[in-house]
Amino acid sequence: MRRSGYFLLFFVIAFSAMCYFLISGNDISVGFARERGVFNQTEGEYNGSYSLSERTDDRAGYLTIPLPDNLGEENVTISKDFYRKEIKVTVSPVEQDFYHKNLFSGEMNRISSIKYGYEDGTAYILFDSEDIVEPVTEIKADKLFIKFVSPGEYYSHIVVIDAGHGGDDYGTTTYGIREKDIVTAVNEKLREKLPDMLVDYNAGIYFTRSGDENLSEEEREKLARTVSADLLVSIHTAADSKSRTSNGSRALSLSADRLVAEGFSKKVSEKCSISYNGWVSGNGLSILEDTAEVPLMVELGFITNKKEALLMNSEDFQEKAAEAIAESIKEYFGKME
């Protein structure tokens, strides 16, 4: 019995050497390492926790992440997933136990937890945020200083692109053509175009959906409010259940934003060679109420009009529609400079 007890104790100690730290709130707990899926929640915890340490070279408002000697910006990458409210930092090359010996220090404002682990000489550090945040970073003296700020503090301008419908919500379907497919295609083309179009404007670009998902109106509206959007552009097609001849692009907005909305729809009309059908009041549409400084909806054309449905379903139209919306956003932010 005594020998088996010693063996069990030795096993626990040996296995503990493979641990990675899980920082949660302002505490550090130790969890079991995993070869893959290093960001999964650990099972069980060791007794006791330790306050996040403070060092004399920490910066107010920043978290300090030590780096191995002679590593610089080329050894650190930062990626963001605001849908999951996650920010990932990778550091390479790094020894398997580097962050066991060199702990994080400083402040964790707006961060609910930090998890990290290693694979193939790379350390992966995952930040879970309490809300949508942007990282401000600087590398100096073998340290990564990082703090998390709201999008409004980080960007000069913020636009939210809302592609209507998605997933099992097809929107209006006529002639075998689904509204969600049209707006999803335009959404993806905007995802490609907008970063280059707005590179000189320090603009934050957020999309209410990342692919073909069905999100509720409440989820879309919450995202726009959370990032304090200057501009929200919701993309749809129009429909007329009483007539198959209604045609043209049109804009919906609150009356105060009529001129801005009209500008977007006119640009779509010009670029896509489709008639302009004017402005319609968006009063009563929740997506346009208190979601952004200027919220508007662009209806690309009438899907109940067969000619326009076929036109909007073409890749050429979708490409030009994305160009029109991107150029309109650029012009709008240009006037704000």
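Residues numbered from 1 in each chain as written. Predicted model: local features only at pLDDT ≥ 70, side-chain atom pairs only at ≥ 80, totals over all residues. Heavy atoms only, no water.

**A word on the sheet that holds strand 16 (residues 231–238)**
Taken in spatial order, the six strands line up as 15-12-16-19-17-18 in an open sheet, and their pairing is mixed. A single partner strand is all that each edge strand has here, and the edge strands are strand 15 (203–207) and strand 18 (276–281). Ignoring which end each strand starts from, the neighbouring axes of this sheet average 20 degrees apart. Bridging between strand 17 (residues 249–253) and strand 19 (residues 294–302) involves four bridges; their strand directions are antiparallel. From the neighbouring strand, Arg250 faces strand 19, where its bridge partner is Glu299. Lying over the sheet, helix 5 (residues 217–226) contacts strand 12 (157–163), strand 15 and strand 16, oriented at roughly 170 degrees with respect to strand 12. Running at roughly 160 degrees to strand 17, helix 6 (residues 258–272) makes contact with strand 16, strand 17, strand 18 and strand 19 of the sheet. (Pairing = 2+ DSSP bridges. Helix = DSSP H or I, 4+ residues; strand = E, 2+ residues; numbered from the N terminus. Axes fitted to C-alpha atoms, helices over the stretch in contact; angles between N-to-C directions. Contact = heavy atoms within 4.5 Å.)

**Quick notes on the nonpolar core**
Counting residues in hydrophobic clusters, the biggest one holds 37 residues, and the most contacted among them are Leu190, Leu231, Val233, Leu300, Ile325 and Ile329. The element that contributes the greatest number of residues to this core is helix 8 (residues 315–336), accounting for nine residues. When neighbours within four sequence positions are excluded, Leu231 is seen to be in contact with Ile158, Val159, Val160, Phe264, Ala292, Val294, Leu296, Ile329, Tyr332 and Phe333. Counting residues in hydrophobic clusters, the runner-up holds 24 residues, among them Leu63, Leu71, Val94 and Met108. (Core = buried A, V, L, I, M, F, W, Y, C linked by side-chain atoms within 4.5 Å. Buried < 20%, exposed > 50% of the residue type's maximum accessible area, 1.4 Å probe, protein only.)

**Some points on helix 5**
Here helix 5 has its buried residues at Arg220, Glu221, Leu223 and Ala224. For helix 5, the buried positions fall inside an angular range of 155 degrees around the axis, keeping them on one side. Away from its buried face, by an angle of more than 90 degrees, helix 5 presents the exposed residues Glu218 and Lys222. Taken together, the buried residues of helix 5 touch strand 12, strand 15 and strand 16. Positive phi appears at Ser228, one or two residues downstream of helix 5, with a value of about 55 degrees. (Arc of directions from axis to C-beta.)

**So, unusual backbone geometry**
Of note, the bond from Ser92 into Pro93 is cis; its omega dihedral lies within 30 degrees of zero at 0 degrees. Take Pro93: it is sitting in the loop between strand 6 (86–91) and helix 2 (98–101). The residue His165 is not glycine, and still its phi comes out positive at about 65 degrees. Here His165 shows up in the loop between strand 12 and strand 13 (173–174). Judged by its relative accessible area of 17%, His165 falls in the buried class. At Asn202, a residue that is not glycine, the phi angle is positive and equals roughly 45 degrees. If you trace the backbone, Asn202 turns up in the loop between helix 4 (179–197) and strand 15.

**Re the packing of aromatic side chains**
Any aromatic ring pair is given by two values, namely how distant the centres are and how the planes are angled relative to each other. Counted by the stated rule, this structure contains eleven aromatic pairs. Between Phe82 and Tyr206, the aromatic rings sit 4.9 Å apart at their centres with planes inclined by 80 degrees, giving edge-to-face as the arrangement. In this pair, Phe82 is assigned in the loop between strand 5 (76–81) and strand 6 and Tyr206 in strand 15, connecting sequence segments 124 residues apart. Of the two residues, Phe82 and Tyr206, neither departs from the other in class, the shared state being buried. Judged by centre distance (5.4 Å) and plane angle (40 degrees), the ring pair of Tyr99 and Phe104 falls under tilted. Across this residue pair, the class does not change: Tyr99 and Phe104 are buried. An aromatic cluster of three or more residues is present, and its members are Phe82, Tyr83, Tyr154, Tyr155 and Tyr206. Directly above the ring of Phe145 sits Arg59, whose terminal nitrogen or CZ lies 4.1 Å from the centroid. (Phe/Tyr/Trp six-rings, centres within 6.5 Å; stacked < 30°, edge-to-face > 60°. Lys NZ or Arg CZ within 6 Å of the ring centre and 35° of its normal.)

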